Amino acid sequence: MKILVCISHVPDTTSKINFTNGDSEFDTNGVQFVINPNDEFGLTRAIWFQEQQGANVTVINVGGPDTEPTLRKALAIGANEAIRINAKPTDGFFVAKQLAEVIKQGQYDLVICGKESLDYNGGMVPGMIAGLLGYNFINSCIDLKVDGSSAKVIREIDGGKETSSASLPLVIGGQKGLVEEKDLRIPNMRGIMTARTKALTVLEPIDANNNTKAVKFEKPTPKSAVKLVSADNLDELVSLLHNEAKVI
Amino acid sequence: MSLLIYAESAEGKFKKVAFELASYAKKVAESLGTTVTAVTVNASDVSELSKYGVDKVLKVTNDKLATFNAKAFADVIKQAAQKEGARVIVLSSTTDSIYLAPLVAVGLEAGYTSNVVGLPLSTSPFQVKRNAFSNKAFNITEISTDIKVLGLAKNSYGLVESTSTLSTEDFSPSLNDADFNVKVENVEKVTGKVTIADAEVVVSGGRGLKGPENWGLVEELATVLGAATACSKPVSDLGWRPHSEHVGQTGKPVATNLYIAIGISGAIQHIAGINSSKVKVVINSDPEAPFFKVADYGVVGDAFEIVPKLTQKLKEFKAQNS
Ligand SMILES: Cc1cc2nc3c(=O)[nH]c(=O)nc-3n(C[C@H](O)[C@H](O)[C@H](O)COP(=O)(O)OP(=O)(O)OC[C@H]3O[C@@H](n4cnc5c(N)ncnc54)[C@H](O)[C@@H]3O)c2cc1C
């Protein structure tokens, strides 16, 4: 089985979010970048398939040279090879087009994406890849098993979960649950050393539209200070919730 | 022209988000000088939509669509949009709608943006404000394609009534076998409990509650308020509560009217998931807990004393005000 894991390179979850250039660009100054957490669950699941079922795992990112450490990390975790498409990932559709092209050329059986990336939270790339290629698609996956050419998948739904089956090729949007957090891999020394010898191919992008454009960023307006209520005066809290906030 | 919404229903009845979507769409349609068409799938009584400004319903009734299927539902919406010549399609942000939206966008060669939190800032060029960076910032996005798909963030617009005269038309989109390649085998739903997705109020507990045996406190408060229960990440990691209750950047987003956090420190990743809630109440023994910086109301003290008292007070309040 050939697996492609799509990796988004995102600010670490503790990052302070700031903008520059007249609030038109994300300020990367002092920001640590990581593998998008939703993708990390998918990557670990892919490595599991590699170890248990002999799958071949390629990781891919659409991004500039600055994203290579993130791909190297994925290689150190165990991916067999990496691809970087040398373009700025400014629009979900543009990114999906690039990825779909590689998938078509490489005939991947399983494409694992995160259900969304934690920077723009678009949640559009996995579905768009599937739509562009006519592949089966299952989103918000919390469990994935593959037997020959068919997959059994559990996805989260509002207030529960749903089990379904589909044949390969399949695209999934994954999240926590694909593996447990304690099973996430941290690159060890051996992994880091062998990652250096693994192939990281750089491809130039194909022509594709940007359908959307981030014009400007804003930060939420700072809110007024918290109103503290004494623990001995909870009637006041009830009254504030009723009369002032009007939520009860 | 026209503007299309997909009015989601479950077991024949509209979800509340369908009405929020209609309210929002009505306003957008006005600014575009057009009307609102809703497509519905196996909804029994569509007349309710007229209260929120929908002008026309394309009513799909089909047993094959009895359970949700992203590809088939996307195909229905796409064909409805084509039939109506819709230039703007608005979807909600339920798990199902987020799932099908990119398929609709690709099918219509439309630009798509999710997490939209307000009316278009301008319709030419078409610009909307959306949440980004896990609710730590907003991003103004411009959609340049002829057809546009918007995903409206939950509770970001609210319900606005406006009467319209509704016309209804039966609609039978053509579905192909490939639409059903993903086969649903089993659905497990929690019944009889308010879920985070549907709740107006969420009561959430953190590691400060010390152990799963103390969750009765959280549940009793939630029951009085008709709220759903939730938790911080370590609580679900420790197995005190199910993963489905974990809220935050890597868990579920919560955009409720009222969010009550008990014994939760307010780490940046937790706050990212609850930022869009309107009113936040924090109960924490540590006056320096970061959660107090983002809260509207706070009580400093021991949750084990405060929560039972608050539950009692709210019970009395509800008894007097119901
Ligand atoms: C990549 C990544 C992603 C993450 N994603 C998320 C996420 O999505 N959601 C999330 O929640 N976390 C997330 N976290 C974890 C987050 O950083 C915090 O560790 C977590 O939110 C802390 O949970 P807590 O507040 O319940 O526990 P603690 O940090 O242990 O805080 C407990 C709080 O309870 C208070 N307390 C103790 N006793 C009492 C008492 N008797 N009465 C009242 N208050 C009391 C304490 O003062 C303290 O403030 C993530 C972390 C990482 C690294």
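These numbers were taken from a predicted model, which means no experiment stands behind them.

Draft legend 1. Summary view of the overall build of chain B. Each helix and strand in chain B was counted, giving eight helices and 18 strands. Here chain B, with 322 residues, has 58% of them falling under the buried criterion. In the structure as shown, chain B presents an accessible area of about 12,600 Å², 49% of it carried by carbon and sulfur atoms. Charged side chains of chain B number 33 positive and 34 negative; the gap between the two group centres comes to 3 Å.

Draft legend 2. Main features of the layout of surface pockets. In this structure, the second largest pocket occupies an estimated 1,200 Å³ of space. Pro89, Thr90, Asp91, Asp119 and Tyr120 of chain A are, among the 48 residues lining the second largest pocket, the residues nearest its centre. Going through the elements one at a time, β2 (9-11), β4 (25-26), β6 (56-62), α3 (92-106), β8 (110-114), α4 (125-133) and β14 (212-218) of chain A together with β10 (137-143) of chain B are the ones with two or more residues in the lining of the second largest pocket. Ranked by residue count, the leading element in the lining of the second largest pocket is β14 of chain A, at four residues. By residue class, the composition of the lining of the second largest pocket is 18 nonpolar, 20 polar and ten charged.

Draft legend 3. Spotlight on the interface of chain A and chain B. With 71 residues of chain A at the interface, the matching set in chain B holds 79 residues. Between Lys233 of chain B and Glu181 of chain A there is a salt bridge, with its nearest N and O atoms 2.5 Å apart. Counting across the chain A and chain B interface gives 40 residue pairs in polar contact (both at pLDDT 80 or more). For the side of chain A that touches chain B, the secondary structure elements donating two or more residues are α4, β9 (136-147), β10 (150-157), β11 (160-167), β14, β15 (227-228) and α6 (234-244) of chain A. Sorting elements by how many residues they give to the side of chain A that touches chain B places α6 of chain A first, with eight residues. When the residues that make up the side of chain A that touches chain B are grouped by side-chain class, the tally is 30 nonpolar, 22 polar and 19 charged. With six bridges joining them, β11 of chain A and strand β13 (residues 183-189) of chain B adopt antiparallel strand pairing.

Draft legend 4. Looking closely at the UniProt feature "domain: Electron transfer flavoprotein alpha/beta-subunit N-terminal" (unreviewed entry) in chain B. Per the UniProt record, "domain: Electron transfer flavoprotein alpha/beta-subunit N-terminal" (unreviewed entry) is found at residues 3-184 of chain B. The span residues 3-184 of chain B is 25% helix and 31% strand, and its two end C-alpha atoms sit 31 Å from each other.

Draft legend 5. Molecular detail of the sheet that holds strand β7 (residues 81-85) of chain A. As summarised here, the arrangement of the ten strands in space is β13(A)-β7(A)-β6(A)-β1(A)-β8(A)-β12(A)-β9(A)-β10(A)-β11(A)-β13(B), forming an open sheet in which the pairing is mixed. Each edge of the open sheet is held by one strand with a lone partner, namely β13 (200-203) of chain A together with β13 of chain B. Each adjacent strand pair in this sheet contributes to an overall mean axis angle of 30 degrees, direction not counted. In the sheet, β10 of chain A pairs with β11 of chain A via eight bridges, with the strands oriented antiparallel. Bridge assignment links Ala151 of chain A to a residue of β11 of chain A, and that residue is Ala166 of chain A. Packed onto the sheet, α4 of chain A meets β1 (2-6), β8, β9 and β12 (170-174) of chain A and runs at close to 170 degrees relative to β12 of chain A.

Draft legend 6. Representation of the pattern of salt bridges. Summed over all chains, the structure comprises 25 salt bridges over all chains. The partner of Glu169 of chain B in a salt bridge is Lys56 of chain B, and the shortest N-O contact between them spans 3.4 Å. Of this pair, Glu169 of chain B sits in strand β12 (residues 167-170) while Lys56 of chain B sits in strand β5 (residues 56-60), and the two are 113 residues apart along the sequence. Residue classification places Glu169 of chain B among the partly exposed residues on the basis of a relative accessible area of 29%. Three or more residues are tied together by salt bridges with common partners; here these are Lys176 and Glu181 of chain A together with Lys233 and Asp237 of chain B.

Draft legend 7. Highlighting the site of the ligand. Taken together, 27 residues sit near the ligand, with Ser232, Thr250, Ser265, Gln269 and His270 of chain B positioned nearest. In this structure, the ligand sits where chains A and B come together, each supplying nearby residues. A distance of 2.5 Å separates an oxygen atom of the ligand from a polar side-chain atom of Ser232 of chain B. Here a nitrogen atom of the ligand sits 2.8 Å away from a polar atom, N or O, in the main chain of Ala303 of chain B. Considering the ligand on its own, with 980 Å² of exposed area, one finds that the protein chains cover 76% of that surface.

Scoring rules and cut-offs
Residues numbered from 1 in each chain as written. Chains lettered and ligands numbered in written order. Predicted model: local features only at pLDDT ≥ 70, side-chain atom pairs only at ≥ 80, totals over all residues. Heavy atoms only, no water. Helix = DSSP H or I, 4+ residues; strand = E, 2+ residues; numbered from the N terminus. Buried < 20%, exposed > 50% of the residue type's maximum accessible area, 1.4 Å probe, protein only. Areas by Shrake-Rupley, 256 points an atom, 1.4 Å probe, with all protein chains shown as cover. Lys, Arg positive; Asp, Glu negative; His and termini not counted. Charge placed at Lys NZ, Arg CZ, Asp CG, Glu CD. 1 Å grid on protein atoms, 1.4 Å probe; cavity = no way out; pocket = protein on both sides within 12 Å on 5 of 7 lines; lining within 4 Å. Points joined across faces, edges and corners; volume = space filled by probe spheres on them. Nonpolar A, V, L, I, M, F, W, Y, C, P; charged D, E, K, R; others polar. Contact = heavy atoms within 4.5 Å. Salt bridge = Lys/Arg side-chain N within 4 Å of Asp/Glu carboxyl O. Polar contact = N/O pair within 3.5 Å; in protein donor to acceptor, adjacent residues only side chain to side chain. Pairing = 2+ DSSP bridges. UniProt positions renumbered as here; feature names shortened; annotations may be inferred. Axes fitted to C-alpha atoms, helices over the stretch in contact; angles between N-to-C directions. Near = heavy atom within 4 Å.

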